[in-house]
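# Observations on chain architecture
Below, each chain spelled out in residue letters.
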Protein chains: 4
Amino acid sequence: MTSTAPAAGHALRERYDAVRGATERFCEPLEVEDYVVQAMPDASPVKWHLAHVSWFFETLVLREYLDGYTSIDDRYHFLFNSYYNSLGEQFSRPHRGLITRPTVADVQAYRRHVDEHMRELFRRHEELGLAIPADVIEVGLHHEQQHQELMVTDVKSLLALNPLRPAYRAASAAPSGEAPAVEWVGTDEGVRSIGHDGRGFAYDNEGPRHKVFVHAFELASRPVTCGEYLAFMEAGGYQTPEWWLSNGWTTVQERGWSAPEYWEKRDGRWQVFTLAGMRPVDPAEPVCHVSLYEADAYARWAGARLPTEAEWEVVAAEAPVEGTFVESERYHPAPATGSGMQQLFGDVWEWTMSAYGPYPGYRPPEGALGEYNAKFMSSQNVLRGGSCATSQSHIRPSYRNFFYPPDRWQFMGVRLARDAG
Amino acid sequence: MTSTAPAAGHALRERYDAVRGATERFCEPLEVEDYVVQAMPDASPVKWHLAHVSWFFETLVLREYLDGYTSIDDRYHFLFNSYYNSLGEQFSRPHRGLITRPTVADVQAYRRHVDEHMRELFRRHEELGLAIPADVIEVGLHHEQQHQELMVTDVKSLLALNPLRPAYRAASAAPSGEAPAVEWVGTDEGVRSIGHDGRGFAYDNEGPRHKVFVHAFELASRPVTCGEYLAFMEAGGYQTPEWWLSNGWTTVQERGWSAPEYWEKRDGRWQVFTLAGMRPVDPAEPVCHVSLYEADAYARWAGARLPTEAEWEVVAAEAPVEGTFVESERYHPAPATGSGMQQLFGDVWEWTMSAYGPYPGYRPPEGALGEYNAKFMSSQNVLRGGSCATSQSHIRPSYRNFFYPPDRWQFMGVRLARDAG
Amino acid sequence: MTSTAPAAGHALRERYDAVRGATERFCEPLEVEDYVVQAMPDASPVKWHLAHVSWFFETLVLREYLDGYTSIDDRYHFLFNSYYNSLGEQFSRPHRGLITRPTVADVQAYRRHVDEHMRELFRRHEELGLAIPADVIEVGLHHEQQHQELMVTDVKSLLALNPLRPAYRAASAAPSGEAPAVEWVGTDEGVRSIGHDGRGFAYDNEGPRHKVFVHAFELASRPVTCGEYLAFMEAGGYQTPEWWLSNGWTTVQERGWSAPEYWEKRDGRWQVFTLAGMRPVDPAEPVCHVSLYEADAYARWAGARLPTEAEWEVVAAEAPVEGTFVESERYHPAPATGSGMQQLFGDVWEWTMSAYGPYPGYRPPEGALGEYNAKFMSSQNVLRGGSCATSQSHIRPSYRNFFYPPDRWQFMGVRLARDAG
Amino acid sequence: MTSTAPAAGHALRERYDAVRGATERFCEPLEVEDYVVQAMPDASPVKWHLAHVSWFFETLVLREYLDGYTSIDDRYHFLFNSYYNSLGEQFSRPHRGLITRPTVADVQAYRRHVDEHMRELFRRHEELGLAIPADVIEVGLHHEQQHQELMVTDVKSLLALNPLRPAYRAASAAPSGEAPAVEWVGTDEGVRSIGHDGRGFAYDNEGPRHKVFVHAFELASRPVTCGEYLAFMEAGGYQTPEWWLSNGWTTVQERGWSAPEYWEKRDGRWQVFTLAGMRPVDPAEPVCHVSLYEADAYARWAGARLPTEAEWEVVAAEAPVEGTFVESERYHPAPATGSGMQQLFGDVWEWTMSAYGPYPGYRPPEGALGEYNAKFMSSQNVLRGGSCATSQSHIRPSYRNFFYPPDRWQFMGVRLARDAG
């Protein structure tokens, strides 16, 4: 844990205020009731997210570095720990939605309490030159940005369960048009390096930067669209076991899937639930809320495959970080426009065929932050590039997101790859 | 469905206002968050209770009898139907806690909308002499009183799940003292009549009044106390299969029961969660929150048995309707005092060994109200006498409550009986 | 426990040989494989039944009364105890089908070992005048007859799961014809006595004989037929919640029931699986393999109700014990013929609306036999009269069988009743 | 699909006889009852294995290549298909143990029927020069060898469930001694080639041979022993979440694991169930029947990690295929002896950290054999090297076995690796 000079501390404080403010801005359209309920065990109540991200700063920064700090309520240490075994017992995750007290107002007071003391910490640093754990604070801010994305997707899952299908907020006018044709962009075989190069922030799981042998391949210039996915559905995609992984086919049968999450057929037409309410499926948009199994089956049907994470990163390392991010407040992917490689960043997370695991030479950090990423390196797949619910300041080419193959509630989409030559 | 004269209508309106007001008074100490969550599938959110009892008046009274009535939102008809198949589909019961909209404020507005129109109905009756369905309104008020009791027990189950064990409201000073010794009050064998005699309100399941042969028996003068139940526990009650019904023993094993619901051992002493928070178990109080299985096992251990509902009613028909009711705002049973037959009414519901079924000659009413009681006549046991969460104006000797043998979240207790002679 | 004179002992020995022999005769058509598997947790493997009924004689007779008796394998005491907690731990019931050793041959040797020693006990009694526990042996024989019936129904459930639908044994020629019209036979109201009168064998749960007030009623002269039940099905019986108990409707939905157990629609016609294989449903036969819920829904649809067990017994006490029993080796109910009250005994067990509970003044026997019936007096309903899988020497008017409302794998049918006057 | 010259056909026929004979030899100690039961959904009854491997030859060889072939029973095509969707519907896998007919004798007749016709096919080939699908037959023989291994492990899982813990067969005298100290054998970084090189038989999933960048690493010279694993257990291995993957820790909690599968503590000493019955744990033997989670937690505790499959193969490609195989009829791993790299083959399958997926450029075969391996490339991990239940003629350096992380019923063990330099 290192400290920084006052000038850097000043920038950090501004970033702290910006990130914390963004969290609260997202909540503004919510009713108190919306903060409390947990749509499913994978999701968490908004109230819990709000408290947990403050718990992170309290536990890893204030309790360690701010002399004389006392919590607003010591029981929050247990209630709002997510999964850090090294920091003590945790309240049962699937029951987070059963806790009505502390109330939303209590949690907002908790946030203010933490904010005030974080600002005191910054002040002491800037005015008195006391050291601050800049790297832990940086992790805390990226952590909060991750939870911002989860708040978007968890609120969506909650409102979608309501038979009234209420909107989070009215939609801005949707872009229209037709998606450009797919181009296949090739890369030659060879030993390449992937992983974070040490410039700027990265999570521990993005390193060490290391060599990997990449075989010649081609990557599609944009994600698969709803129109293309509809063609798969109409070709019997959800009825034909030959296109599916065995686990995928079992999942389709058990859960009765016949379309992406949030799609509903009404009067013979496919509609989709968005944070702006129900509306017709737009064939030009990237398909999203599909599982790894659906992404993989689509790819097999289309005569292609999913990329590996190394293939994706080799291409993305050259691309600008542009696309539809959470800052757009669109909360839904937008159709691609123009030509050449597009939408690698933003819009939809792109499933890769790579299982999530440690890079060669990887060692988790000491202490609680060692639990941040390492212990999840089993049975999940890597997704790359961020989505329309990700902050632009949070994503980068080496960023590794990870979810279980059947998961669909994130903004997950599909970009195809194929062997070259 | 009959109507009443304006004078009776006036009394009915006053009763309407009183019952509706009592519902709202109970809610006053609650936070918005507390209205939304469902602690378990058997329970419902307070918000749902508030809406459903208004739905009852809207559906069975206003839509039928108030010319020109329109609902505040037609979708509520589906959302707030509990189990009336003849009135259409219902929203999934175990998912009632996932619905954040309509909000609590919306539901309060819905209640006001219904109240205004009910008052308009009363006005037209009193001023214009238009007929009103007095008996349906009477059912609606008793229905709301039943839900008031469920609100008490459902809020209790919700707050008890919270690791902070928050109180609904601070306790009034608790009565103290020692329970009087049990007396055994005998009744001779013979043909008796039980069931409602037609004077005053009763549910359909309380009739017809009919003959039954009752064998000579004795009934305990008061319910089993916590002190007596502790003796059973200390004698290995929860570890000895011989005292248990087979289903009961299986339930004890599967759920890991070792004490009544809401009891917790802390530092070697038994504490109990009440709506006023945690406090030590009082040996003088009636034991409550026990299942039929526990009541039955206790009785067997004590060399006695549970009464039949006929035995109970034969004795209770002679007794005054006195005890601790919801009007006391105690929300917890009180120790018995004095001598002779006590606490038949109020304090704790008393499990009987009688399965809940139709009386000889019973026919359910026509229409939706035929679903009120009849279809539940399977696999449940009858409880008698009301509890500390029951309104005194709602209970009577012929009243038949019914729950499943493993249920514990109501204020359920034990009164012993034994064969005479 | 009393003993009998040698003459009675002689008759008992002959009965012992007859009952034990009947068990083995039933097994003759089975393959070794058929003895081992358990179709569902409610059922047991034939091998287990064969061993358990011998365990009963070994444990309650030989170990207690035959000096110097030693078991063939002491571990069988644990393996083949069904549910007698007072006799020690039991092997997990749902896993009985996972035990391949002891083999079928081992269990047959165990039976022979017990038989040889039981005959030695009889010999010592007859030749030496030593006392024998005649009443326990009598219970053991009735116990074995109960398991004979379970073997029939458990083998049926097993073969029915096999997609090849193998027959237990080829059918004898089936009777044909048309069922006689139903007559309604009336009984006046009054105080009656039911329960076993002490002449001949009875289980503890059939007593004490006691008074009960019976209201005037009428009983149908024969069970409901398949043809009548088909009319209910064609009238939307399985699609109309109004005819069902609430638990029944839930069960219909959860289990996807649309016909009695073992019925299958093939090429538009209803077939039924019998122990002689698949064949068309015969409209004249009593419907069987229906749950209490289906029996109750049928009755409601037909404008009638199920009888109480007192009503049934009052009528049956006057009737001869005639019908289709296991001795016919038909293993399926036969159509009624003739006129007047018919088929009260044999053919199909008749669901009653009475919950299974203790009669007034009932006390379970001391010791292990106290667990035989008493601890099951919860959440089950009484069935009366025996079935085509019951031995004629095992049934009587006061006999109380009991199963859970959703159970269907026994030969369970429906006789209607209705209020008179 | 190619054919071979008669000489090769002759060798193939001899191999056919050898493999088929080995299957039957394994069954000799079994009772009929042991063939029928399925210990758990992952396992299959021996009877099913016996039939399924014959079904494979019938379906993919005889029906396609032997003119005039007819099956002994056409319904077996459905009953004994495992998972080939392209060959039609399959009988439910978890219910394989409920099918008592066809009997064991029927299945043995089915095997003989298939064998006779396979020999007729070989005869026509050798005598008449007709083509045979040598490569499909070769797959069929390896397929049968895989099922031989499953029969060993499935019989073990079945006998272990029996409270009598019966042995499959008495043990031969066990080797004794102490395991040699671990040596760490290093390999330099660089681009290597792995995957099958086309010489001899291999499954499709072992190719294509391809380049991979391997970082410098060290591999332990022998698997982890029971003694070493006991030290982990005594250090609180099963009580310390920090050493576990998150999914692993959840699994430990949910399943209550505190030792490898088949270990039982009796009178304070660890015993292990083997196919020769219960005996004390031998500290010198390789630990086996551990999940990936346990292997990974052990490695983390020991300051090491699991190897990747590429690392393992780079080393194993240089090693002789020696170790304890099924031909030893030991059915249990043996202690290592001597020095240098040992037991890469046989004894225990070695978990790798590599998720099972397609090699670069992999394409599944056309037709039913395309379902053999490809569709399982999700959520499983690769194991390498074979076990004491694997045939020596079935294993090779490029062989990829795969199981789910929590699986334990195969002979799965642990070899450690670590980063070099």
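All figures in this text were calculated on a predicted structure; none of them were measured in a lab.

### Regarding the sheet that holds strand β1 (residues 184-187) of chain D
Residue and element names in this part refer to chain D. On the basis of which strands lie adjacent, the open sheet formed by three strands has the order β1-β4-β12 and antiparallel pairing. Lying at the two open borders of the sheet, with one neighbouring strand each, are β1 and β12 (417-419). Within this sheet the neighbouring strands show an average axis-to-axis angle of 25°, counted without direction. Strand direction decides the pairing type here: β1 and strand β4 (residues 217-220), joined by four bridges, are antiparallel.

### Here we look at the relation of the copies chain B and chain A
At an RMSD of 0.0 Å, chain B and chain A line up after a rotation of 180° and a shift of 0.0 Å along the axis. A rotation of that kind, with that shift, is consistent with a two-fold axis. By C-alpha distance to the rotation axis, the residue of chain B lying nearest is Glu33 of chain B, at 3.1 Å. When the interface residues of chain B are mapped onto chain A, 100% of them are again interface residues, pointing to one common binding face.

### Some thoughts on the interface of chain B and chain C
Listed by partner, the interface residues are 31 residues for chain B and 31 residues for chain C. Across the chain B/chain C interface, buried area totals approximately 2,300 Å², and carbon plus sulfur atoms make up 55% of it. Taken together, chain B and chain C are joined by two salt bridges. Among the salt bridges present, the one from Glu189 of chain B reaches Lys211 of chain C, with a minimum N-O distance of 3.6 Å. The interface formed by chain B and chain C includes eight residue pairs in polar contact (both at pLDDT 80 or more). Residue assignment for the side of chain B that touches chain C shows that the elements contributing at least two residues are β3 (210-214), α7 (246-255) and β8 (349-355) of chain B.

### Here's the deal with the arrangement of the chains
Chain A makes no contact with chain C; the smallest distance between any of their C-alpha atoms is 15 Å. At the C-alpha level, the nearest point of chain B lies 15 Å from chain D, with no contact between them.

### Comments concerning the pattern of salt bridges
Counted by the stated rule, this structure contains 136 salt bridges over all chains. In this structure, Glu144 of chain A and Arg20 of chain A form a salt bridge, with 2.9 Å as the shortest nitrogen-oxygen distance. Here Glu144 of chain A is found in helix α5 (residues 134-161), whereas its partner Arg20 of chain A is found in helix α1 (residues 6-27), with 124 residues between them in sequence. Overall, Arg20 of chain A belongs to the buried group, its relative accessible area being 2%. Arg384 of chain B is paired through a salt bridge with Glu309 of chain B; the nearest N and O atoms lie 2.7 Å apart. With Arg384 of chain B in strand β9 (residues 381-384) and Glu309 of chain B in helix α9 (residues 309-316), this pair connects stretches of sequence that are 75 residues apart. When sorted by exposure, Arg384 of chain B lands in the same class as Glu309 of chain B, which is buried.

### Here's the deal with the state of the cysteines
Residue and element names in this part refer to chain C. Throughout the structure, instances matching the rule amount to zero disulfides over all chains. The thiol of Cys27 is unpaired, and the distance to the nearest cysteine sulfur, on Cys388, comes to 17 Å. Lacking any disulfide linkage, Cys388 is separated from the closest cysteine sulfur, that of Cys288, by 6.3 Å. Judged by its relative accessible area of 0%, Cys388 falls in the buried class.

### A few points about the sheet that holds strand β10 (residues 401-403) of chain C
Residues and elements named next belong to chain C. The four strands are arranged β10-β9-β8-β11 in an open sheet whose pairing can be described as mixed. This sheet does not close on itself; its edge strands, each paired only once, are β10 and β11 (412-413). Taken together, the three bridges between strand β9 (residues 381-384) and β10 define a ladder with antiparallel strand orientation. For Val382, the partnering residue across the bridge sits in β10 and is Phe402.

### A look at the environment of Leu141 of chain B
All names here are of chain B. Here Leu141 shows up in helix α5 (residues 134-161). Note: C-alpha distance between Leu141 and Val53 (88 residues apart in sequence) is 8.6 Å. Leaving out residues up to four positions away in the same chain, Leu141 has contacts with Leu12, Arg15, Tyr16, Val19 and Phe57.

### Description of the relation of the copies chain B and chain C
The transformation that overlays chain B on chain C combines an axial shift of 0.0 Å with a rotation of 180°, and the residual RMSD is 0.0 Å. Taken together, the interface assignments show that 100% of the residues at the interface of chain B recur at the interface of chain C, consistent with an identical surface on both copies.

### Focus on the packing of aromatic side chains
Residues and elements named next belong to chain A. Evaluation of the coordinates by the stated rule reveals 144 aromatic pairs over all chains. Measuring from centroid to centroid gives 4.0 Å for Tyr356 and Phe402, while their planes differ by 5°, and the two rings are stacked. With Tyr356 in the loop between β8 (349-355) and β9 (381-384) and Phe402 in strand β10 (residues 401-403), this residue pair connects regions lying 46 residues apart in the sequence. Classification of Phe402 by relative accessible area gives buried; the value is 14%.

### Some details on helix α6 (residues 226-234) of chain B
All names here are of chain B. If you check which residues of α6 are buried, you get Cys226, Tyr229, Leu230, Phe232 and Met233. Across the axial projection of α6, the buried residues extend over an arc of 155°, all falling on one side. Here the buried face of α6 lies against β5 (263-266), β6 (269-274) and α8 (292-301).

### Remarks on the interface of chain B and chain A
If you look at the interface, chain B gives 30 residues, while chain A gives 30 residues. Approximately 2,500 Å² of surface area, both sides summed, lies buried where chain B meets chain A, with 66% of it carried by carbon and sulfur atoms. A per-residue breakdown of the area chain B buries against chain A is headed by Glu33, Arg101 and Leu164 of chain B, which together make up 30% of the total. Here Asp34 of chain A makes a salt bridge to Arg101 of chain B, at a shortest N to O gap of 2.6 Å. At the junction of chain B and chain A, the tally comes to eight residue pairs in polar contact (both at pLDDT 80 or more). When grouped by side-chain class, the residues that make up the side of chain B that touches chain A number 20 nonpolar, five polar and five charged.

### Side note on the pairing of strand β7 (residues 277-280) of chain B
Pairing of β6 of chain B with β7 of chain B involves four bridges; the strand directions are antiparallel. By the bridge assignment, Phe273 of chain B is partnered in β7 of chain B with Met278 of chain B.

### What to know about helix α6 (residues 226-234) of chain C
Lining the buried residues of α6 of chain C we find β5 (263-266), β6 (269-274) and α8 (292-301) of chain C. Phi turns positive one or two residues past the end of α6 of chain C, at Gly236 of chain C, with a value near 85°.

### What to know about the confidence of the model for chain A
On average, residues of chain A carry a pLDDT of 95, and 97% of them reach 70 or more. Across the whole predicted complex the pTM is 0.96, and at the interface the ipTM reaches 0.95.

### Comments concerning unusual backbone geometry
Note that the residue after Gly207 of chain A, namely Pro208 of chain A, is joined by a cis bond; omega there is -5°. Along the chain, Pro208 of chain A turns up in the loop between β2 (190-194) and β3 (210-214). Here the amide bond leading from Arg101 of chain B into Pro102 of chain B is cis, since omega sits at 0°, within 30 degrees of zero. Topologically, Pro102 of chain B is positioned in the loop between α3 (76-79) and α4 (104-128). Not every positive phi belongs to a glycine, and His289 of chain D is a case in point at roughly 60°. Residue placement: His289 of chain D occurs in the loop between β7 (277-280) and α8 (292-301).

### Let's talk about the packing of helix α2 (residues 46-65) of chain B against α4 of chain B
All names here are of chain B. Following both chains from N to C, one finds α2 and α4 inclined at 30°, their axes separated by 9 Å at the closest point. Regarding the angle of α2 to α4, the classification is roughly parallel. In this structure, the crossing between α2 and α4 has a hand that is left-handed. When α2 is examined against α4, the residues Lys47, Leu50, Ala51, Val53, Ser54, Trp55, Phe57, Glu58, Val61, Leu62 and Tyr65 are found in contact with a partner set consisting of Val104, Val107, Tyr110, Arg111, Val114, His117, Met118 and Leu121. Looking at the contact of α2 with α4 residue by residue, the class counts come to 14 nonpolar, two polar and three charged.

### Description of the side chain of Glu144 of chain D
Residue and element names in this part refer to chain D. Of the residues examined, Glu144 reaches a relative accessible area of 1% and is grouped as buried. A polar side-chain atom of Glu144 sits 2.7 Å from a polar atom in the side chain of Thr23. Setting aside its immediate chain neighbours within four residues, Glu144 contacts Val19, Arg20, Thr23, Val53, Phe57 and Arg111.

### What to know about the pairing of β4 of chain D
Residue and element names in this part refer to chain D. Here β4 shows two buried faces, one formed by Phe217 and Leu219 and the other by Glu218 and Ala220. By the bridge criterion, three bridges tie β4 to β12 in an arrangement that is antiparallel. In the sheet register, Phe217 faces β12, and the bridge partner there is Asp419.

Parameters at a glance
- Residues numbered from 1 in each chain as written.
- Chains lettered and ligands numbered in written order.
- Predicted model: local features only at pLDDT ≥ 70, side-chain atom pairs only at ≥ 80, totals over all residues.
- Heavy atoms only, no water.
- Pairing = 2+ DSSP bridges.
- Helix = DSSP H or I, 4+ residues; strand = E, 2+ residues; numbered from the N terminus.
- Axes fitted to C-alpha atoms, helices over the stretch in contact; angles between N-to-C directions.
- Least-squares fit on C-alpha atoms with pLDDT ≥ 70 in both.
- Contact = heavy atoms within 4.5 Å.
- Buried area = accessible area lost by both parts, 1.4 Å probe.
- Salt bridge = Lys/Arg side-chain N within 4 Å of Asp/Glu carboxyl O.
- Polar contact = N/O pair within 3.5 Å; in protein donor to acceptor, adjacent residues only side chain to side chain.
- Buried < 20%, exposed > 50% of the residue type's maximum accessible area, 1.4 Å probe, protein only.
- Disulfide = S-S within 2.5 Å.
- Phe/Tyr/Trp six-rings, centres within 6.5 Å; stacked < 30°, edge-to-face > 60°.
- Arc of directions from axis to C-beta.
- Nonpolar A, V, L, I, M, F, W, Y, C, P; charged D, E, K, R; others polar.
- pLDDT = per-residue confidence, 0-100.
- Parallel < 35°, antiparallel > 145°, perpendicular 65-115°, else oblique.
- Left-handed = near helix turned anticlockwise from the far one by under 90°.

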